[in-house]
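# Summary of the model geometry
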Amino acid sequence: MTTIKLHNTRTRKKEVFTPIDPDNVRMYVCGPTVYDRAHIGNARPVVVFDTLFRLLRHVYGPDHVTYVRNFTDVDDKINARAAASGRSIGQITEETTRWYLEDMAAIGALEPTQMPRATQYIPQMVAMIEDLIAKGHAYAAEGHVLFSVESYKDYGALSGRAVDDMIAGARVEVAPYKRNPMDFVLWKPSDAATPGWDSPWGRGRPGWHIECSAMSYELLGASFDIHGGGNDLMFPHHENEIAQSCCAHPEGHFANVWLHNEMLQVEGKKMSKSLGNFFTVRDLLDGHDGMPGVPGEVIRFVFLSTHYRKPMDWTAEKAAEAEATLRKWRGMVEGIEATEVAEGVLAALADDLNTAGAISELHRLAGEGDFGAFKASALLLGLLGANLGDWAKAVDVDLSGFVAQLTKARDVAMASKDFTHVDRLKAGLLEAGIEVRMSKAGVELLAGPEFDAVKLEALQ
RNA sequence: GGCGAGUUGGCGGAGUGGUGACGCAGCGGAUUGCAAAUCCGCGUAUAUCGGUUCGAUUCCGAUACUCGCCUCCA
């Protein structure tokens, strides 16, 4: 069996991955808060963990991997969006959830095994909070329930912080009802206009973090294999998840392996609305700000070409290069049956998800002409599948008339040595986005990506 | 201020304690009426300074720079 190695944030080392139960490898990844379209940065962890999911399924069997990714559909950002737009919270979360699944499918992400919604787990969250209070790890104050960071000695271990250091320079919300400024909210009161659920502490709603602890416990148990997300979530989100889960379920040890992907930048800068380099996955797919659309498969390829633990720079140049590569590859595997995944590709992926290395292997396989293994390997990465291929389909246009015309003109020119007419014809075809191949064997015309039917029409 | 990540040829981007992949671009050649496509060939790159070592790009320590998190945005 393939040995998978993963870089564990918890130990800061690359370790051999050994599942708790090889018959049911369990992974939890923090999903989106559904209040708006996913931007391109949100898509990076989706592709990263989708690739890991595919690798795990390949190694342990498709039926032996459970991948849970949640939807956080209760959050003050959603409430704010609802208030601002006049639409209901339900409408917003339903629509945004659908968008998310559509957009992620467009970049070739498989759906996780389970996609729980936070609002479906409120009673479990309340029960967990009650349990934390009973065990002395949390306390109720003024309608809030807070987690006491001092009650958990390992608080801060994942991100390498000490509670005292954090208080010193950090901007923490100071509230009179907090025993320690770092204590965080498990439950908070809701007014009449805000969504709320009845609880032992009055009508209220959960704080951020508790939903992931409750849902991962319900679906994966007190101990599971992998927990993932962007490295921005390391603190406080994951730190708080660990504190809640380990205190509520001291019999377990929560996640064995923590994986964090680095952030994404755009043209060398942090993506932000103020810099004008902010765009959603949908913007990219459909085209935006005068730019043409980028196929989902191309987005995926660009993501995979940088190792997940390095910052990734999204640039238009990379997208163009990726598109050319994929177009070439798709031409190579047309009609080819996938055989076995190449050892080199699998080895690269198994080595802490070295997707860039795996792509290099694909280049090598393509050069060697082992197309069956090449295709099988590409499919493992979620590339070259039928699901993402429409963009690369050759335009279906009958060029036989032009072929005949050009062939005839060429024959005449070969005899007369006057190529003026041939060159004019060729230039017109090139202008219309037609690739012109002339050789001793004859004339071949192909509609390329820049094909323009109107310009072709004008040549008639 | 605290925590963390990174720095490889023109660009992108891997690996490795012992003469530095791969892709793109570029250059030369074959081919072509000319091209395109294809094929062949071509690159005195591992931030800086120390240390360990027979030997470091790879390990260790500093320095510089870049970036992220700590704050609503991933």
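In this text, all values refer to a predicted model and were calculated from it rather than measured experimentally.

## Looking at the overall build of chain A
- The number of helices and strands found in chain A is 16 helices and 15 strands.
- By its C-alpha atoms, chain A is 95 × 55 × 40 Å across when sized along the principal axes.
- Counting across all 460 residues of chain A, residues that qualify as buried make up 51%.
- Counted over contacts in chain A with a minimum sequence separation of 6, partners at least 24 positions apart contribute 73%.

## Structural notes on the pattern of salt bridges
- If you walk through the whole model with that rule in mind, you get 23 salt bridges.
- Here Glu 435 makes a salt bridge to Arg 437, at a shortest N to O gap of 2.7 Å.
- A relative accessible area of 37% means that Glu 435 is categorised as partly exposed.
- On the basis of relative accessible area, Arg 437 is assigned to the partly exposed category, the value being 39%.
- Taken together, the shared-partner salt bridges in this structure form one network comprising Arg 37, Asp 103, Arg 282 and Asp 286.

## Examining the UniProt feature "short sequence motif: 'HIGH' region" (unreviewed entry) in chain A
- UniProt records the feature "short sequence motif: 'HIGH' region" (unreviewed entry) at residues 32–42, using the numbering of this structure.
- Along residues 32–42, the helical share is 27% and the strand share 0%, with 8 Å between the first and last C-alpha atoms.

## Examining the domain arrangement of chain A
- The assigned domain composition of chain A is domain 1 (5–261), domain 2 (264–392) and domain 3 (400–459).
- Domain 1 and domain 3 are separated by 60 Å when their C-alpha centres are compared.

## A few points about empty space enclosed by the protein
- Considering all chains together, one arrives at 2 cavities of 30 Å³ or more under this definition.
- The set of elements that each furnish at least two residues to the lining of the largest cavity consists of α1 (40–60) and α9 (296–304).
- For the lining of the largest cavity, the element with the most residues is α1, which contributes 4 residues.
- When residues of the lining of the largest cavity are sorted by domain, at least three fall in each of domain 1 (5–261) and domain 2 (264–392).

## What to know about the sheet that holds strand β3 (residues 25–29)
- Strands sit in the order β4-β3-β9-β10 across an open sheet of 4 strands; the sheet is parallel. For this open sheet the edge positions go to β4 (65–69) and β10 (254–261), each flanked by a neighbour on one side alone. Here the strands of the sheet are splayed against their neighbours by 20° on average, with no regard to which way each runs.
- Relative to β10, strand β9 (residues 223–230) runs parallel, the two sharing 7 bridges. Bridge pairing in β10 places Ser 223 opposite Phe 254.
- Sitting on the sheet, helix α6 (residues 210–220) is in contact with β3, β4, β9 and β10, with an inclination near 160° to β3.

## A word on the layout of surface pockets
- The computed volume of the second largest pocket comes to approximately 890 Å³.
- For the second largest pocket, the lining is made up of 28 residues, of which Arg 327, Glu 334, Ala 392, Lys 393 and Ala 394 are closest to its centre.
- Of all the elements in the fold, those that place two or more residues in the lining of the second largest pocket are α10 (316–333), α13 (371–380), β14 (434–439) and β15 (442–447).
- Ranked by the residues each element gives to the lining of the second largest pocket, the list is headed by α10, at 6 residues.
- A per-class count over the lining of the second largest pocket returns 13 nonpolar, 5 polar and 10 charged.

## What to know about the protein's contact with RNA strand B
- Taken together, 44 residues form the shell around RNA strand B, and within it Ser 159, Asp 232, Met 263, Met 438 and Lys 440 come nearest.
- Near the protein, meaning within 4 Å, the atoms of RNA strand B are sugar or phosphate in a fraction of 64%, with bases accounting for the rest.
- Within the contact set of RNA strand B, a base nitrogen lies 2.7 Å away from a side-chain nitrogen or oxygen of His 39.
- One nitrogen or oxygen atom from the side chain of Lys 310 is found 3.1 Å from a phosphate oxygen belonging to RNA strand B.

## Digging into the environment of Glu 457
- Within the element layout of this structure, Glu 457 appears in helix α16 (residues 453–459).
- For the pair formed by Glu 457 and Ala 432, sequence separation is 25 residues and the distance between their alpha carbons is 9.0 Å.

## Overview of helix α15 (residues 420–431)
- Its 12 residues place the ends of α15 16 Å apart at the C-alpha level, agreeing with the 16 Å of an ideal helix rising 1.5 Å per residue.
- Restricting attention to buried positions, one finds in α15 the residues Val 422, Leu 425, Gly 428 and Leu 429. One side of α15 holds all its buried residues, which, seen down the axis, span an arc of 130°. Of the residues in α15, the exposed ones pointing more than 90 degrees away from the buried face are Arg 424 and Glu 431.

## Here's the deal with the nonpolar core
- In this structure, Leu 52, Leu 56 and Trp 314 are the most contacted members of the largest nonpolar core, which totals 72 residues.
- Looking at this core element by element, the count peaks at 12 residues for α1.
- Three or more residues apiece are contributed to this core by two domains, here domain 1 (5–261) and domain 2 (264–392).
- Leaving out residues up to four positions away in the same chain, Leu 52 has contacts with Leu 6, Met 27, Ile 226, Leu 259 and Leu 353.
- Listed in part, the 42 residues of the second largest apolar core include Val 149, Val 163, Met 182 and Ala 214.

## Some details on the sheet that holds strand β6 (residues 144–147)
- Taken together, 4 strands build an open sheet; the order of strands is β5-β6-β7-β8 and the sheet is antiparallel. Strands at the two margins of the open sheet, each flanked by one partner only, are β5 (138–141) and β8 (204–206). Across the sheet, the mean angle from the axis of one strand to that of its neighbour is 20°, orientation sign disregarded.
- Judged from the 3 bridges that link them, β6 and strand β7 (residues 184–189) form a sheet pairing that is antiparallel.

## Here's the deal with the side chain of Arg 54
- Secondary-structure assignment places Arg 54 in helix α1.
- If near-sequence neighbours (up to four positions away) are discounted, Arg 54 is found in contact with Gly 108, Leu 110, Arg 300, Leu 379, Leu 380, Leu 381 and Gly 382.

## Considerations on the environment of His 209
- Relative to the helices and strands, His 209 resides in the loop between β8 and α6.
- Placed 28 residues apart in sequence, His 209 and His 237 show a C-alpha to C-alpha distance of 5.8 Å.
- Every residue in contact with His 209, bar those within four places of it in the chain, is listed here: Phe 184, Pro 236, His 237, Asn 240, Glu 241 and Gln 244.
- A polar contact is formed between the side chain of His 209 and the side chain of Asn 240, at a distance of 3.0 Å.

Basis of the calculations
- Residues numbered from 1 in each chain as written.
- Chains lettered and ligands numbered in written order.
- Predicted model: local features only at pLDDT ≥ 70, side-chain atom pairs only at ≥ 80, totals over all residues.
- Heavy atoms only, no water.
- Helix = DSSP H or I, 4+ residues; strand = E, 2+ residues; numbered from the N terminus.
- Buried < 20%, exposed > 50% of the residue type's maximum accessible area, 1.4 Å probe, protein only.
- Contact = heavy atoms within 4.5 Å.
- Salt bridge = Lys/Arg side-chain N within 4 Å of Asp/Glu carboxyl O.
- UniProt positions renumbered as here; feature names shortened; annotations may be inferred.
- Domains from an automatic or database assignment.
- 1 Å grid on protein atoms, 1.4 Å probe; cavity = no way out; pocket = protein on both sides within 12 Å on 5 of 7 lines; lining within 4 Å.
- Points joined across faces, edges and corners; volume = space filled by probe spheres on them.
- Pairing = 2+ DSSP bridges.
- Axes fitted to C-alpha atoms, helices over the stretch in contact; angles between N-to-C directions.
- Nonpolar A, V, L, I, M, F, W, Y, C, P; charged D, E, K, R; others polar.
- Near = heavy atom within 4 Å.
- Polar contact = N/O pair within 3.5 Å; in protein donor to acceptor, adjacent residues only side chain to side chain.
- Expected span 1.5 Å × (residues − 1).
- Arc of directions from axis to C-beta.
- Core = buried A, V, L, I, M, F, W, Y, C linked by side-chain atoms within 4.5 Å.

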